[in-house]
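Notes for the structure review
Spelled out from the first residue to the last, the chains are:
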Amino acid sequence: MSLSQGPRGSAIVKPTRTVKIAILGAGMGGLGMAAQLRRHGIDSFVVLEKGSEVGGTWRDNIYPGSGCDVPSHLYSFSFEPKADWSRKFALQPEIHDYMKQVARKYGLAPFIRFNTEVAEATFDEAEGIWRIRTTEGEEITANVVVSGTGQLNRPAYPKIEGLDAFAGKKFHSARWDTSVDLTGKNVAVIGNGASAIQFVPEIAPKVKKLSIFQRSPNWVVPKADRPYTEREKALFKRFPWIVRLHRYMIYLTLERNYLAFIKDSFFSKLFEKAGRKEIETHISDPELREVLTPDYPAGCKRILLSNDWYPAIARPNVEVVTSHIARATAEGIVTEDGKTHPADVIIFSTGFETMEFLAPMKVTGRSGVTLNDVWKDGAEAHRGVAIAGFPNFFMLYGPNTNLGHNSIIFMLECQINYILQAVDALKNPKVRYMDVRKAAEDAFNRELQHDMQKTVWAAGCSSWYKNAAGKVTNNWSSFTARYWWQMRHFDLDEYQLVG
């Protein structure tokens, strides 16, 4: 058996062992991982998906106006470009169709087990394998587990006294109830984040009255959206290099925007100026202008893109409520100022449970340690992918790999490439499993959190980017090019190999 040189000159045995891989979730991350395994000639894997079809968040978020705030050509895999995107910022149905097309092209259907939800995954140290138990009680074993569950898959619901007594319909925007006709209804929307700014303009013209309960305003800037012309799509189809160039130019433009997330930066002020101009253009009421203007730096919370949010807010049948919610009644919502807001329907636009990356799944590593125990002070991982004490367990879109300025698909592809190299190393029959060294993980996260202090995400405002203690657990702290540079080679020296 011959040896070849691995990263940093380390010797690794040429692959001979079959490695069985379990991928959790058939969203963008899981599909990308599965497609790349097939492209690399690896068929010993299974995708465990709790839903009835692929798509993840793009299968679930079917609310009116649902779409992406990353340009279409960059919100797609580099190895699977799409020449005929209908517009610069695609809507949910087109993105979902793209994901289904990826699954078809790479023949992923036989590898996906739908309606299979994972309850727990436990590492068997003696055997060097993961034992995965589904909610139905079935056990599945694998050498490697790749979590593709993401950060935006579990809706967060507010704790409001009296909600059970509400007589009307209520649902979360990520679980939109298509059976409910909002025409002529009094509708209460709790929250004003990324989902609300998309569906509120869609429903505002049809409802009787729309009450938006705002905890804090957002910076909202124009969205440079338009349909692609038939001529453009024909050029993209005929000359694939134009698609690649177009994608690269979008990437560079968005990468530059990271400068806006550095504390007190000039670019941050430009976003604030654009946001204020939008308010001044569409909102004539000075009191409403003040209510809609954030008191924190742009980027501390997610910067939102919309061309129709403020025009919708300015409609006579729309009100923005800033008084805190006291309780719900059968007829509507009562705020702390004593006012009752009648409602036939309540829509929760309150985001997701982003701090618990793998919940409600229980993950147990070496020596019976659970991931909840390890993450009690905030989630973190080595390069956002591996966790010490959890061998052969890798995450896609894990801690500190979310972005405020570029495409998460770029980050996913960096992670997928990294994991593929790990799988190649595990094909060595002398290696049962690999576990990232705690010293390597700690060093990575110390540097990351140090860099984070330079950004607006570490500023005083509260956001889903950080936990209650103020630790930023979701966002990457620098340019995506830096992440790519760190992830381009899998460094065996950072791992303990057990044989």
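Now for a description of the structure that goes with this document. Quick caveat: nothing in here was measured; it's all calculated off a predicted structure. (Residues numbered from 1 in each chain as written. Predicted model: local features only at pLDDT ≥ 70, side-chain atom pairs only at ≥ 80, totals over all residues. Heavy atoms only, no water.)

1. Digging into the pattern of salt bridges
Cut-off, in case you're wondering: Each reported salt bridge corresponds to a side-chain nitrogen of Lys or Arg within 4 Å of a carboxyl oxygen of Asp or Glu. A 1.4 Å probe rolled over the protein chains alone gives each residue an accessible area, and that area as a share of the maximum for its type sets the label: buried under 20%, exposed over 50%, partly exposed in between. For helices the rule is a DSSP run of H or I covering at least 4 residues; for strands it is a run of E covering at least 2, with both sets numbered from the N terminus onward.
One pass over the full model with this rule turns up 29 salt bridges. Here Arg 131 ties to Asp 124 by a salt bridge, and the two come within 2.9 Å at their closest N and O atoms. Since its relative accessible area comes to 28%, Arg 131 is described here as partly exposed. Overall, the relative accessible area of 17% leaves Asp 124 in the buried class. A salt bridge links Arg 482 to Glu 447; the nearest nitrogen and oxygen atoms lie 2.7 Å apart. Pair noted here: Arg 482 is in helix 13 (residues 480-487) and Glu 447 is in helix 12 (residues 438-452), with a separation of 35 residues, a long-range link. The class of Glu 447 is partly exposed, set by a relative accessible area of 41%. Each of Glu 49, Arg 59, Asp 60 and Arg 175 takes part in one network of salt bridges that share partners.

2. Considering helix 4 (residues 196-203)
Defined as follows: Note on contacts: a residue pair qualifies if any of its non-hydrogen atoms lie within 4.5 Å across the two residues.
Of all the eight residues making up helix 4, seven are buried; the element is thus mostly covered by neighbouring parts of the structure. Of the positions making up helix 4, those classed as buried are Ala 196, Ile 197, Gln 198, Phe 199, Val 200, Pro 201 and Ile 203. Summarising the contacts, the buried residues of helix 4 are in contact with strand 11 (186-190), strand 12 (209-213), strand 14 (304-305), helix 9 (309-313) and strand 19 (345-348).

3. Focus on the side chain of Gln 198
Inclusion rule: Polar contact is defined as a pair of N or O atoms within 3.5 Å, subject to the rule that within protein one atom must be able to donate a hydrogen and the other to accept it, and that residues adjacent in sequence are counted only when both atoms are side-chain atoms.
Here Gln 198 is to be found in helix 4. The exposure class of Gln 198 is buried, given its relative accessible area of 14%. Looking at Gln 198, its side chain comes within polar contact range of the main-chain oxygen of Gly 67, at 3.1 Å.

4. Some words on the sheet that holds strand 15 (residues 318-321)
To be explicit about the condition: Should DSSP find at least two bridges between two strands, the strands are regarded as paired. Axis lines are fitted to C-alpha atoms, over the contacting stretch for helices. Their N-to-C directions set the angle, which ranges from 0 to 180 degrees.
Here we have five strands laid out as an open sheet, ordered 10-19-11-12-15, and parallel in their pairing. The open sheet has two free edges, formed respectively by strand 10 (169-172) and strand 15, since each of these has just one partner strand. Between one strand axis and the next, the sheet turns by 15 degrees as a mean value, whatever way the strands run.

5. Some points on a nonpolar patch on the surface
Our working definition: Residues forming no salt bridge and having over 30% relative accessible area are the ones grouped into patches, like charges within 9 Å of each other and nonpolar side chains (Val, Leu, Ile, Met, Phe, Trp, Tyr) within 5 Å. The accessible surface values rely on the Shrake-Rupley method and a 1.4 Å probe; as for residues, cover is taken only from the protein chains in view.
A cluster of nonpolar side chains, Trp 241, Leu 245, Tyr 248, Met 249 and Leu 252, forms an exposed patch at the surface whose accessible area comes to about 520 Å². Here Leu 245 shows up in helix 6 (residues 240-256). Judged by its relative accessible area of 44%, Leu 245 is partly exposed.

6. Focus: the environment of His 282
Looking at the element boundaries, His 282 is found in helix 7 (residues 266-282). The partly exposed category is assigned to His 282, whose relative accessible area is 28%. Taking the C-alpha atoms as reference points, His 282 and Tyr 310, 28 residues apart in sequence, are found 5.9 Å from one another. In this structure His 282 touches Tyr 310, Pro 311 and Ala 314, once residues within four positions along its chain are discounted.

7. As for the packing of helix 1 (residues 28-39) against helix 11 (residues 408-426)
Quick note on the threshold: The cut-offs work like this: below 35 degrees is roughly parallel, past 145 is roughly antiparallel, 65 to 115 is roughly perpendicular, and the gaps in between are oblique. With the far helix as reference, a near helix turned anticlockwise by less than a right angle produces a left-handed crossing, and one turned clockwise produces a right-handed crossing. In this classification, the charged set is Asp, Glu, Lys and Arg, the nonpolar set is Ala, Val, Leu, Ile, Met, Phe, Trp, Tyr, Cys and Pro, and all remaining amino acids, among them Gly, are polar.
Look at helix 1 against helix 11: their axes get within 10 Å of each other, and the N-to-C directions meet at 45 degrees. One finds that helix 1 runs oblique with respect to helix 11. The handedness of the crossing between helix 1 and helix 11 comes out as right-handed. Contacts from Met 28, Gly 29, Gly 32, Met 33, Gln 36 and Leu 37 of helix 1 reach helix 11 at Ile 409, Leu 412, Ile 416, Ile 419 and Leu 420. Considered class by class, the residues forming the contact of helix 1 with helix 11 number eight nonpolar, three polar and no charged.

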